[in-house]
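Close look at the chain arrangement
Listed here are the chains, written in short residue letters.
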Amino acid sequence: MARGRLRIYLGAAPGVGKTFAMLGEGRRAQERGRDVVVGLVETHGRARTAELLDGMEIIPRKALVYRGMTLTELDVDAVIARRPRVVLIDELAHTNVPGSRTAKRWQDIDEILDAGIDVVSTVNIQHLESLNDVVQEITGIPQRETVPDEVVRRADQIELVDMSPEALRRRMAHGNVYPPEKVDAALSNYFRVGNLTALRELALLWVAGKVDEQLDRYRAEHGIAGTWEARERVVVALTGGPEGDTLVRRATRIAARSKGADLLAVHVTRADGLAGQDPASLARQRALVESVGGTYHQVVGDDIPRALLDFARGVNATQLVLGASRRGRLAQLFSRGVGVTTTALSGSIDVHMVTHEEISKGRTRGSRSRAALTRRRRVAGWVLAGLGIPALSALLVPFREELTLPSEILLFLLMVVVVALVGGMWPAITAAVVGFALLNWYFTPPVHTWTISSPENLLALAIYVLVAAMVSAVVDAAARRTREAARASADAEVLSTLAGHVLRGEAALPSLLGRLRETFGLTSVTLLERRGGRQPAAGDQSDPDAWRIVATTGGPPCSCPGTADTDVVIDDDLVLAARGRLLDASDRRVLEAFAAEAAIALRQERLEEEAEQARPLAEANKMRTALLAAVSHDLRTPLASAKAAVESLRNTEIDWTDEDRAELLATADESLLKLDRLVANLLDMSRLQAGALGIALGPTALEDIVPRAIDDLGPLWDRVDADISVELPEITADPALLERVLANLIANAVRYSPPEEKVLINASRHGSLVEIRVIDRGPGIPPEAHDRVFLPFQRLGDRDNHTGVGLGLALARGLTEAMGGTLVPEETPGGGLTMTVTLPIAWTAVAEYASGHEHAPRGVAPDGTPAFEPTRAQGADGSPGPDGGASSASGDVSAAERQ
């Protein structure tokens, strides 16, 4: 059976019209005669969306019981049994009720597709797994329901449902998305213009990437090699030469002229891996490319022009940036060069030849200018050429009559090959020329003359010289390649070992410098930085006052570049200085690569330090933003109620009855009481974070505190049952703060408990501690969310803030820890949530304090004699400061998330 086709409507945010568009498509397909059913659609109370369901067949949902609650989910079996042509299923990323056949709705949809049924679904950009953390950074709200990107990418069709942020906010203000009571909080939090703009850009970019994939697949399937200029893509070719920085910056400016253009840098490496590019320069140029928003790529190919064009066509590039050739005019006469050849073969790709300052300096030879063999072998080769060829002649002269000229030529050729193997090309060529002369004088008729009577002998001697030269060149090239391969292998081993050393988790800079010192046997390696504000001067290389040590390893560090045996200039401000021995030119290549990596590591460390310094400011700003957004509604509601009640009482045109007057006064009193409680909570939270909350610890009896905390509930006091034994010992606590803690916990438990279930409060002693438990039978919260419920000014999920600012649990934990106790959430057996407050028994707490402090505050002795200090400021004597209070606290949890 052919697999069904999946069509997805992708939106940037809730409310853009994904479900509406899906239902509209379903109705249009139905009008075209296709068999369409509704598997599951969430209208969220939106009337216009619900109207589109009229006249459509709806598959009944499957009912599931979870923790005493009846919930409904998509009935996969019913859909497959009905076998429609198309089924509409909303919310692709939805998490199924525990106990369902699959964990996620997209898995249900996959099963329906396997049955040959087409599916139309919806998803928001914030639910894509790869963007989940990005969306949380933007909105400050974690999304627990996600769908793998690959599931969405596999869809046969993806349609973006787009709407400008202003239009979406107008829809919300008109009540077309959320109920009126939720609009203010939503507009002030998730649906801010900046948030919506960023989410919209994420959605557009993700869909653009999907379109690029489809375009590449289409061109590959149809064998289209030409460039389709759907988007500007600029490719810059890098060789590792000094002109690379100029090329990158030029290509960046070219890409910047086209909005949304991509910048790609490519370096072509020879297939044998022995090209002479400078790894340090390539590393710096790669960092430059990435700093301007481009990407770096490396390809392998011996034919550089074709490799460049193959890469450019593969990425559908429109422009190619090359550096003008550094070769001289004579070299250009024999070969057109990379630039000219690439331009001739480029076809529809525009090629930019960029001039630079290095043109006049000619082409650098790099490692190829170095001798292939060691000095000892070259000397041995010259000695063998100078002595071996004459010695061979002297040895063969007595046998001149018995040997023929071809035999003598072969013996001389053998000696030339030996010289080439020992000393390389030039000693071997010299030996061949000397051998030619000796063969002519001693062994070619007429002997002892420079004339050659037979043309065949002349041809034989000429071939001898030619073969000897060719063999010498081949042997020398093989030796050169062997030496280069050994050097490349050693360099690669050093760099790979270094990379593994860093990736194993050791600090970047110490690891880099330490490995460099070990690799080259140096005494010390130091990274120096020019002191801030100083301009480069002629004599500052030897001025210690002009430099400061950033990092060092080994023995005494270099105080300035002038005191180093070897130094590498990284940029105008950074120098890597090594002491211990002079490094040759071949070692400097690896040294420069180390230096480039050290500069990158230093930059990363400083960025991390800056991020750490900015994190408290960001957290404070995030808290202020959340506070303003949440408090804006909580202040407005009680103020409006109190104002309405007072204005009604002041209205002399209405004759209020005593009952009406009492009710209005009660409303005003209740509203002002809410305001007072909110302001008190905010002040206490700020004091907790500032470490300035006054706490009066003393012996406290729970039987006195719990009733007062229950009374704070007002009319809801009858929904609480308390079981506090009078035999419990007194605990060390601040009575007023403990009452606040219990009042917040009880109010939170009552809010989420079913109306028919009462909240239970009990307490028990465990050694030197007393545990107070607030038990509810609500939906509870998942174990992985136990810590997150104590974050201030927020709740889990997308719950609005009309029931409070989310300070209840945050303040409860902060106050509990400030009193030296703990607050821990646990699952209630049988369903629900239990909040456990643990505090020390009075005399135990004082005894523990006195045992660790010479001047302990007055406390309660085991006989019950009270002798406490009246108050103390939090954090003043080593008690939990801001980090132990609000920083580990968090807010209430919504009933929706506790499911």
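Everything quoted here is computed from the prediction, not taken from an experiment.

The next subject is the overall build of the protein chain. Counting its secondary structure elements, the protein chain contains 26 helices and 26 strands. Within the protein chain, the fraction of its 899 residues that count as buried is 45%. Split by element, the accessible area of the protein chain, about 45000 Å² in all, is 55% carbon and sulfur.

The next thing to look at is a nonpolar patch on the surface. Among the surface-exposed residues, Val379, Val383 and Leu387 lie close enough to one another that they form a single nonpolar patch of about 280 Å² accessible area. Mapped onto the secondary structure, Val379 falls in helix H15 (residues 375-396). Judged by its relative accessible area of 45%, Val379 is partly exposed.

Here we come to the sheet that holds strand S8 (residues 157-161). What the six strands build is an open sheet, ordered S3-S2-S6-S7-S1-S8; its pairing is parallel. At either end of the open sheet lies a strand with only one pairing partner, and these are strand S3 (57-58) and S8. For strand S6 (residues 86-89) and strand S7 (residues 118-124), the ladder comprises four bridges, and the chain directions are parallel. From the neighbouring strand, Ile89 faces S7, where its bridge partner is Ser121.

For the pair helix H16 (residues 405-423) and helix H17 (residues 425-443), the least separation of the axes is 8 Å and the interaxial angle reads 160 degrees. Comparing the axis directions of H16 and H17 gives the class roughly antiparallel. In terms of crossing hand, the pair formed by H16 and H17 is right-handed. Judged by residue contacts, Leu405, Glu408, Ile409, Phe412, Val416, Val419, Ala420 and Gly423 of H16 engage Met425, Pro427, Ala428, Ala431, Ala432, Gly435, Leu438, Leu439 and Phe443 from H17.

With respect to the helices and strands, the residue Ala437 is situated in helix H17. Assessed through its relative accessible area of 27%, Ala437 is described here as partly exposed. For the pair Ala437 and Trp450, spaced 13 residues apart in sequence, the C-alpha to C-alpha distance is 8.2 Å.

Pairing is mixed across the open sheet formed by five strands, whose spatial order is S20-S22-S23-S25-S24. Edge positions in the sheet fall to strand S20 (720-723) and strand S24 (822-827), since each of these pairs with one other strand and no more. Across this sheet, the average inter-strand angle for adjacent strands is 20 degrees, counted without regard to direction. When S24 meets strand S25 (residues 833-840), the two strands line up antiparallel, connected through six bridges. Residue pairing in the sheet places Pro825 in a bridge with Met835 of S25.

Where helix H4 (residues 105-114) is concerned, the buried positions are Arg105, Trp106, Asp108, Ile109, Ile112 and Leu113. Down the axis of H4, the buried set is contained in an arc of 150 degrees. They therefore lie on one face. Immediately beyond the C-terminal end of H4, within one or two residues, lies Gly116, with a positive phi of roughly 85 degrees.

Before going further, it helps to spend a moment on unusual backbone geometry. With an omega of -10 degrees, the peptide bond running from Pro445 to Pro446 counts as cis. Summarising the element assignment, Pro446 is placed in the loop between H17 and helix H18 (455-503). At Glu91, a position not held by glycine, the phi torsion is positive, near 55 degrees. With respect to the helices, strands and loops of the structure, Glu91 is situated in the loop between S6 and H4. The class for Glu91 is partly exposed, based on a relative accessible area of 25%. Of note in the backbone geometry, His448 takes a positive phi value of approximately 60 degrees without being a glycine. Look at His448 and you get partly exposed, because its relative accessible area is 40%.

For the coordinates displayed, the defined rule picks out 24 salt bridges. The partner of Arg82 in a salt bridge is Glu57, with the nearest N and O atoms 2.8 Å apart. Here Glu57 lies in strand S3 and Arg82 lies in helix H3 (residues 76-82), a separation of 25 residues in the sequence. A relative accessible area of 27% places Arg82 in the partly exposed class.

Relative to the assigned elements, Glu408 resides in helix H16. What Glu408 contacts, discounting residues up to four positions off in sequence, is Arg400, Leu403, Leu439 and Phe443.

Turning next to the packing of aromatic side chains. Here the structure, examined in full by the defined rule, presents three aromatic pairs. Taking the centre distance of 6.1 Å and the plane angle of 65 degrees together, the rings of Phe412 and Phe443 count as edge-to-face. Within this pair, whereas Phe412 is found in helix H16, its partner Phe443 is found in helix H17, the two being separated by 31 residues in sequence. When sorted by exposure, Phe412 lands in the same class as Phe443, which is buried. Seen in terms of ring centroids, Trp441 and Trp450 are 4.8 Å apart; in terms of plane orientation they differ by 45 degrees. Their pairing is tilted. Assessed through its relative accessible area of 56%, Trp450 is described here as exposed.

With that out of the way, let us pick up the environment of Arg548. Along the chain, the position of Arg548 falls in strand S15 (residues 547-554). There is a polar contact of 2.6 Å between the side chain of Arg548 and the side chain of Glu529.

With 62 residues, the main nonpolar core has Leu88, Ile112, Ile125, Val147, Phe191 and Trp206 as its most contacted residues. In terms of residue count, the dominant contributor to this core is helix H9 (residues 193-221) (six residues). Excluding residues within four positions of it along the chain, Trp206 makes contact with Leu10, Ile125, Leu128, Leu131, Asp149, Val152, Arg153 and Ile158. Membership of the second largest hydrophobic core comes to 43 residues, among which are Val706, Val720, Ile724 and Leu742.

Now for H16. Taking 1.5 Å of rise per residue, 19 residues should cover 27 Å, and H16 covers 27 Å from first to last C-alpha, within 8% of that figure. Looking only at H16, the buried set comprises Leu405, Glu408, Ile409, Phe412, Leu413, Met415, Val416, Val419, Ala420 and Gly423. Down the axis of H16, the sector holding all buried residues measures 160 degrees, keeping them to one side. Opposite the buried face of H16, by more than 90 degrees, sit the exposed residues Pro406, Leu410 and Leu414. Positive phi appears at Gly424, one or two residues downstream of H16, with a value of about 100 degrees.

What counts and how
- Going along each chain's sequence as written, the residues are numbered from 1 onward.
- Given that this is a predicted model, residues contribute local features only at a pLDDT of at least 70 and side-chain atom pairs are listed and counted only at 80 or more, while totals for whole chains, interfaces and linings are drawn from all residues.
- To get the side-chain values, take all heavy atoms of the structure and skip hydrogens and water.
- Helix and strand labels come from DSSP, where a helix needs a run of H or I of at least four residues and a strand needs a run of E of at least two; each type is numbered from the N terminus.
- Burial here depends on accessible area, computed with a 1.4 Å probe over protein chains only, as a share of the maximum for the residue type. Under 20% is buried, over 50% is exposed, and the range in between is partly exposed.
- All accessible areas in this document rest on Shrake-Rupley with a 1.4 Å probe, and a residue is counted as covered only by the protein chains that are shown.
- Only residues whose relative accessible area exceeds 30% and that form no salt bridge enter a patch; like-charged residues are grouped when within 9 Å of one another, and nonpolar side chains (Val, Leu, Ile, Met, Phe, Trp, Tyr) when within 5 Å.
- For this analysis, a salt bridge means a side-chain nitrogen from Lys or Arg found within 4 Å of a carboxyl oxygen belonging to Asp or Glu.
- When DSSP finds two or more bridges between a pair of strands, those strands are recorded as paired.
- Simply put, an axis is a line fit to the C-alpha atoms, just over the touching stretch for a helix, and the angle between two N-to-C directions goes from 0 to 180 degrees.
- Angles are sorted into four bins: roughly parallel if under 35 degrees, roughly antiparallel if over 145, roughly perpendicular if 65 to 115, and oblique for all others.
- Definitions for this section: a left-handed crossing has its near helix turned counterclockwise from the far helix by less than a right angle. A right-handed crossing has that turn clockwise.
- By definition, residues are in contact when any of their heavy atoms lie within 4.5 Å.
- By definition, the arc is the one covered by directions from the helix axis to the C-beta atoms.
- Classification of ring pairs rests on two measures: the distance between centres of Phe, Tyr or Trp rings, Trp counted by its six-membered ring, which must be within 6.5 Å, and the angle between planes, read as stacked under 30 degrees, edge-to-face over 60 and tilted in between.
- Distance and chemistry together define a polar contact, namely a pair of N or O atoms within 3.5 Å, with one atom able to donate a hydrogen and the other to accept it when in protein, and with adjacent residues in sequence counting only for side-chain atoms on both sides.
- Nonpolar cores are built from buried Ala, Val, Leu, Ile, Met, Phe, Trp, Tyr and Cys residues. Side-chain atoms within 4.5 Å join them into one set.
- Take the number of residues in a helix, subtract one, and multiply by 1.5 Å to get its expected span.

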